[in-house]
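Chain residues, written in single-letter form:
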Amino acid sequence: MITIDPKNTSVPEVHHTMLGSIGPRPIAFASTIDKEGKINLSPFSFFNAFGANPATLVFSPSRRGRDNTTKNTFDNIKEIPEVVINVVTYSMVEQASLASTEYPKGVNEFIKAGFTAIPSEVIRPPRVKESPVQMECKVMNIIETGNMGGAGNLVICEILKIHLNEDIFDSNGSIDPHKIDLVGRLGGDFYCRASGEAVFTVEKPLQKLGIGIDQLPDKIKNSKLLTGNDLGKLGNLENLPSADDIKTFKKEFSENLSAEIKKENIVLTSKEFLAKNEVERALLLLMSYL
Ligand SMILES: Cc1cc2nc3c(=O)[nH]c(=O)nc-3n(C[C@H](O)[C@H](O)[C@H](O)COP(=O)(O)O)c2cc1C
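Everything numeric here is computed off the predicted structure, so don't read it as measured data. (Residues numbered from 1 in each chain as written. Predicted model: local features only at pLDDT ≥ 70, side-chain atom pairs only at ≥ 80, totals over all residues. Heavy atoms only, no water.)

1. Concerning the pairing of strand β8 (residues 133–144)
- In terms of strand pairing, strand β5 (residues 82–87) meets β8 through five bridges, oriented antiparallel. Within β8, the residue paired with valine 84 across the bridge is glutamate 136. (Pairing = 2+ DSSP bridges. Helix = DSSP H or I, 4+ residues; strand = E, 2+ residues; numbered from the N terminus.)

2. Topic: a nonpolar patch on the surface
- On the surface, Ile162, Leu164 and Ile175 cluster together into a nonpolar patch covering about 250 Å² of accessible area.
- Tracing the backbone through its elements, the reader meets isoleucine 175 in the loop between β9 (153–164) and α5 (177–180). (Patch = residues over 30% accessible without salt bridge, like charges linked within 9 Å, V, L, I, M, F, W, Y side chains within 5 Å. Areas by Shrake-Rupley, 256 points an atom, 1.4 Å probe, with all protein chains shown as cover. Salt bridge = Lys/Arg side-chain N within 4 Å of Asp/Glu carboxyl O.)

3. Regarding the site of the ligand
- Near the ligand lie 20 residues; those nearest to it are Ser45, Phe46, Thr73, Ser100 and Glu102.
- Here serine 42 contributes a side-chain N or O atom positioned 2.8 Å from an oxygen atom of the ligand.
- Note that an oxygen atom of the ligand is positioned 2.7 Å from one of the backbone N or O atoms of phenylalanine 46.
- Across the complex, the protein chains shield 92% of the 630 Å² of accessible surface that the ligand would expose by itself.
- Secondary-structure elements contributing two or more residues to the shell around the ligand are β2 (39–44) and α2 (72–79).
- With four residues, β2 is the largest single contributor of residues to the shell around the ligand.
- In the shell around the ligand, the residues fall into six nonpolar, nine polar and five charged. (Near = heavy atom within 4 Å. Polar contact = N/O pair within 3.5 Å; in protein donor to acceptor, adjacent residues only side chain to side chain. Nonpolar A, V, L, I, M, F, W, Y, C, P; charged D, E, K, R; others polar.)

4. Describing the pattern of salt bridges
- Taken as a whole and judged by the stated rule, the model has 13 salt bridges.
- Residue lysine 105 pairs with glutamate 79 through a salt bridge whose shortest N-O separation is 4.0 Å. Taken as a pair, lysine 105 in the loop between α3 (93–98) and α4 (109–113) and glutamate 79 in helix α2 lie far apart in primary sequence, 26 residues in all.
- For lysine 105, a relative accessible area of 38% translates into the label partly exposed. (Buried < 20%, exposed > 50% of the residue type's maximum accessible area, 1.4 Å probe, protein only.)

5. Here's the deal with the side chain of glutamate 109
- Mapped onto the elements of the fold, glutamate 109 is located in helix α4.
- As a buried residue without a salt bridge, glutamate 109 has its nearest oppositely charged side chain in arginine 64, at a separation of 8.3 Å.
- Looking at glutamate 109, its side chain comes within polar contact range of the main-chain nitrogen of leucine 41, at 2.9 Å. (Lys, Arg positive; Asp, Glu negative; His and termini not counted.)

6. Topic: the domain arrangement of the protein chain
- For the protein chain, the assigned domains are domain 1 (6–196) and domain 2 (213–289).
- Taken over C-alpha atoms, the centre of domain 1 sits 46 Å from the centre of domain 2. (Domains from an automatic or database assignment.)

7. Some thoughts on the packing of helix α8 (residues 243–254) against helix α10 (residues 279–289)
- Between α8 and α10, the least distance of the axes is 10 Å, while the angle of their chain directions is 90 degrees. With respect to α10, the element α8 is oriented roughly perpendicular. Contacts between α8 and α10 involve Asp245, Ile246, Phe249, Lys250, Phe253 and Ser254 on the former and, on the latter, Arg281, Leu284, Leu285, Met287, Ser288 and Tyr289.
- Each residue belonging to the contact of α8 with α10 can be placed in one class, and the counts come to seven nonpolar, two polar and three charged. (Axes fitted to C-alpha atoms, helices over the stretch in contact; angles between N-to-C directions. Parallel < 35°, antiparallel > 145°, perpendicular 65-115°, else oblique. Contact = heavy atoms within 4.5 Å.)

8. Overview of the sheet that holds β8
- Overall, antiparallel pairing links the seven strands, which are arranged β2-β1-β5-β8-β9-β4-β3 in an open sheet. Both outer strands of the open sheet, β2 and β3 (47–52), are each paired with one neighbouring strand and no more. When the angles between neighbouring strand axes are averaged without regard to direction, this sheet yields 30 degrees.
- On top of the sheet, α2 reaches β1 (28–33), β2, β4 (55–59), β5, β8 and β9; it is set at about 85 degrees to β8, its chief contact.

9. A look at the environment of proline 126
- With respect to the helices and strands, proline 126 occurs in the loop between β6 (117–118) and β7 (127–128).
- For proline 126, a relative accessible area of 8% puts it in the buried group.
- Taking the C-alpha atoms as reference, proline 126 lies 9.8 Å from alanine 30; in sequence the two are 96 residues apart.
- Discounting residues that sit within four places of it in the chain, proline 126 has contacts with Ser31, Ile39, Val84, Phe110, Ala117, Ile118 and Ser120.

Pasting the structure below:
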């Protein structure tokens, strides 16, 4: 392992390492306004949601590493503590990147990057029409983590209004990741697209108390073929199967099971069950025949 001590490492290297490691990061496309009414639009991936009551998000227009100057977004927020945070989707990512160009203060990146400004309902900065989710926010607090180049400025915002495009919902009324098609920021010039085959589900262990990997039989825990993810799914089951469950399963399963089936095939078949989220069946198979 390589170990970095941020205090004894150059700021660009620490920054580069953090950006490559902490990701994918959501992107806040921040629309702000200065006291003269001049509009600014810039993307920020030091961004996340931090609470739902009150609805809170935080993003950070940092001090520039190269000359320790502050960004227009930060200066605007100090003048007018209001911001619209628009989400960034795949269809708008190139334009959003263009809006990150370091234009001088007063240049409107809605115009430069070709976005449509639409009025907000309760704050002064406009929303980005092309973004499917636009959050009107008031700035509650700013925490400056330092006064040197590269320091963060945590802009803590309360969301006052959330505007959502109807097209992003599934039939149950939830936001469908394939329809909203968000992008995330990685290190360097890398981004990722949060739709299609990249998206998968992991069952929330909220309603139930999983047995934990430690309770699985040793021959399962020590299998060279089962991965950490496989064991994680099995450990999320609430109970080990009883002797009766195993007996019934063996009876039903043996009709399709060759007498010479190898232990290896048992594990591979159980992995197929796990991939289909048939977790109980996978554990029954492993406990019956491994
Ligand atoms: C996708 C993306 C994410 C970015 N994230 C950040 C960030 O979290 N913090 C930051 O200070 N700059 C970030 N930048 C760079 C700013 O967008 C850039 O410095 C911009 O010119 C700032 O604009 P402003 O001075 O008009 O506020 C990011 C750029 C891109 C393209």
